[in-house]
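Tertiary structure, described
Spelled out from the first residue to the last, the chains are:
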Amino acid sequence: MSVMVARKKVVRKWEKLPGRNTFCCDGRIMMARQKGIFYLTLFLILGTCALFFAFECRYLAVQLSPAIPVFAAVLFLFAMATLLRTSFSDPGVIPRALPDEAAFIEMEIEATNGTVPQGQRPPPRIKNFQINNQIVKLKYCYTCKIFRPPRASHCSICDNCVERFDHHCPWVGNCVGKRNYRYFYLFILSLSLLTIYIFTFNIVYVALKSLKIGFLNTLKETPGTYPSSLTVLTVLEVLICFFTLWSVVGLTGFHTFLVALNQTTNEDIKGSWTGKNRVQNPYSHGNIVKNCCEVLCGPLPPSVLDRRGILQQEESTAQEGSCPRGPSTQEPPATHGPGQAQEGHSVLSLQVPVPSMSDTEMPEEKQRTPGELPVPSPDAGRVEH
């Protein structure tokens, strides 16, 4: 006998989330799909620090102080922790509207704007919102079917609306928004300090080595020997740190300026508060300390995606089973009536239609032998087995 059994299949919400994000570790890690430059970031940081710890640190710890590798290790671990926290977290993605919610919003918009004549352009979908006695416009997202909150924007790379959207950073492989901006700022700040630190002590290392045999003699050592190879690696580290120094330190200075004004990169590029209208930034407290405390020390909002929430789906599976029989049970005849079931099923009462018959047409009930199927009675619509 085949019995259809409904089994619940557990599906996590991250498996059904729209957008162009990649999830790992059962939804615990959330990143953008384009992660190639993120791997390059890891390679540059790990490679440069590995060379520094493997060669220069040992020499500097003996010649100068053992605190040099310890402080470098602290900066390295802090930079890596903030990088991974920025890259693997939800930046503040806003869920898209459900079909019923989207239909309701569309109905409200049509009721507000009225019927637009054919050939005319419909008015922009905007709502006015007041913040600190200043009107801020909430724009409608045609992809997510929502009116975006203040300072939110739609990322074209991840295809999601992000709250307090700053920018999409390919170097960290994720968007930078309300929930990970402070970690992004701490990452570039610690990376700047780490780059300056390694660059400085590489110069110190080359200077100390040059004091013994001279700088030119150090470079003219026989190629392939350990000291010559070490010098080449040191020069390579110096070059990497030198070119990285300008970009990372400059980026840190720019974001320090934005934090002091409580402004985002997206707002600065668009000129939202410094354009021709000279509109004052309604989010700024007018105090650098208060702005820094709000951006870097304020409460971190929880993720509204609930990525690891459970969506239960039912799937039907067919299972075969039979009722145990006694030793004296016989097989039924091969053919059965239209409303009869085969012997060997589990004890079930099946509702079957029985044609109406008059008392004169109903045959008399006769005795049944073991294994013989019952004959339906005139006033019963059930077949027992």
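Predicted model, so just to flag it, every value in this text is computed and none were measured. (Residues numbered from 1 in each chain as written. Predicted model: local features only at pLDDT ≥ 70, side-chain atom pairs only at ≥ 80, totals over all residues. Heavy atoms only, no water.)

Per the secondary structure count, the protein includes eight helices and 14 strands. For the protein, the proportion of its 385 residues judged to be buried stands at 35%. Once local pairs closer than 6 in sequence are excluded, the contacts in the protein between residues at least 24 apart make up 66%. Surface accessibility of the protein: about 24100 Å² in total, with carbon and sulfur atoms responsible for 61%. (Helix = DSSP H or I, 4+ residues; strand = E, 2+ residues; numbered from the N terminus. Buried < 20%, exposed > 50% of the residue type's maximum accessible area, 1.4 Å probe, protein only. Contact = heavy atoms within 4.5 Å. Areas by Shrake-Rupley, 256 points an atom, 1.4 Å probe, with all protein chains shown as cover.)

Now for the pairing of strand β2 (residues 21-24). Only one face of β2 is buried: it carries N21 and F23, and the other face, with T22 and C24, is open. As paired strands, β2 and strand β3 (residues 29-32) are joined by four bridges and run antiparallel to one another. Looking across to β3, one finds that F23 is bridged to M30. Hairpin connection, β2 to β3: the antiparallel pair is bridged by four residues, and C25 has positive phi, about 55°. (Pairing = 2+ DSSP bridges.)

At their nearest, the axes of helix α1 (residues 36-63) and helix α2 (residues 67-87) sit 10 Å apart, and the two run at 170° to each other. Put simply, α1 runs roughly antiparallel to α2. Here F38, T41, L42, I45, L46, C49, F52, F53, C57, L60 and A61 of α1 come into contact with α2, specifically with I68, P69, A72, A73, F76, M80, L83, L84 and S87. (Axes fitted to C-alpha atoms, helices over the stretch in contact; angles between N-to-C directions. Parallel < 35°, antiparallel > 145°, perpendicular 65-115°, else oblique.)

Pairing is antiparallel across the open sheet formed by three strands, whose spatial order is β4-β9-β8. Bordering the open sheet on either side are β4 (93-94) and β8 (153-155), each of which pairs with just one other strand.

Here R164 is to be found in the loop between β9 (160-162) and β10 (167-169). The side chain of R164 is buried and forms no salt bridge, while D166, the nearest opposite charge, is found at 4.8 Å. (Lys, Arg positive; Asp, Glu negative; His and termini not counted. Salt bridge = Lys/Arg side-chain N within 4 Å of Asp/Glu carboxyl O.)

Before going further, it helps to examine the UniProt feature "transmembrane region" (unreviewed entry) in the protein. In the numbering used here, UniProt assigns the "transmembrane region" (unreviewed entry) feature to residues 37-55, 67-84, 183-208 and 228-261. A helix fraction of 100% and a strand fraction of 0% characterise residues 37-55, whose end C-alpha atoms lie 27 Å from each other. (UniProt positions renumbered as here; feature names shortened; annotations may be inferred.)

Once that is clear, we can look at the nonpolar core. With 38 residues, the main nonpolar core has I45, F52, L83, Y181, F184 and F187 as its most contacted residues. Only β3, α1, α2, α4 (181-213) and α6 (226-261) provide two or more residues apiece to this core. A total of 13 residues in this core trace back to one element, the largest contributor, which is α4. The contacts of F187, once residues within four sequence positions are left out, are T41, I45, A79, T82, L83 and V172. Residues W14, M30, A32 and F165 belong to the second largest nonpolar core, which totals eleven residues. (Core = buried A, V, L, I, M, F, W, Y, C linked by side-chain atoms within 4.5 Å.)

It is worth spelling out the sheet that holds strand β7 (residues 146-147) at this point. Spatial ordering of the open sheet is given by β5-β6-β7, a layout of three strands whose pairing is antiparallel. Of all strands in the sheet, those with a lone pairing partner are β5 (126-131) and β7, marking the two edges. Relative to strand β6 (residues 134-141), β5 runs antiparallel, the two sharing six bridges. In the sheet register, I131 faces β6, and the bridge partner there is Q134.

So, about the pattern of salt bridges. Within this structure, the stated rule accounts for four salt bridges. For R12, the salt bridge identified is with D26, shortest N-O distance 3.6 Å. Residue R12 is located in strand β1 (residues 2-12), and its partner D26 is located in the loop between β2 and β3; the two are separated by 14 residues in the primary sequence. Between E267 and R151 there is a salt bridge, and its shortest N-O distance comes to 2.9 Å. Of this pair, E267 sits in helix α7 (residues 265-270) while R151 sits in the loop between β7 and β8, and the two are 116 residues apart along the sequence. Neither E267 nor R151 differs from the other in exposure class; each is buried.

Going through the model one piece at a time under the given rule, you end up with 14 aromatic pairs. On the basis of an interplanar angle of 65° and a centroid distance of 5.2 Å, the ring pair of Y140 and F147 is categorised as edge-to-face. Measuring from ring centre to ring centre gives 6.0 Å for F242 and W246, while their planes differ by 85°; the resulting arrangement is edge-to-face. Of this pair, F242 and W246 are both found in helix α6, four residues apart, which corresponds to roughly one turn of the helix. For W246, a relative accessible area of 61% translates into the label exposed. Through a chain of ring-to-ring contacts, the aromatic side chains of F199, F242, F243 and W246 assemble into a single cluster. Here R151 stacks its cationic end above the ring of Y283, 4.1 Å away from the centre of that ring. The ring of Y181 has R164 lying over it, and the distance from NZ or CZ to the ring centre is 5.3 Å. (Phe/Tyr/Trp six-rings, centres within 6.5 Å; stacked < 30°, edge-to-face > 60°. Lys NZ or Arg CZ within 6 Å of the ring centre and 35° of its normal.)

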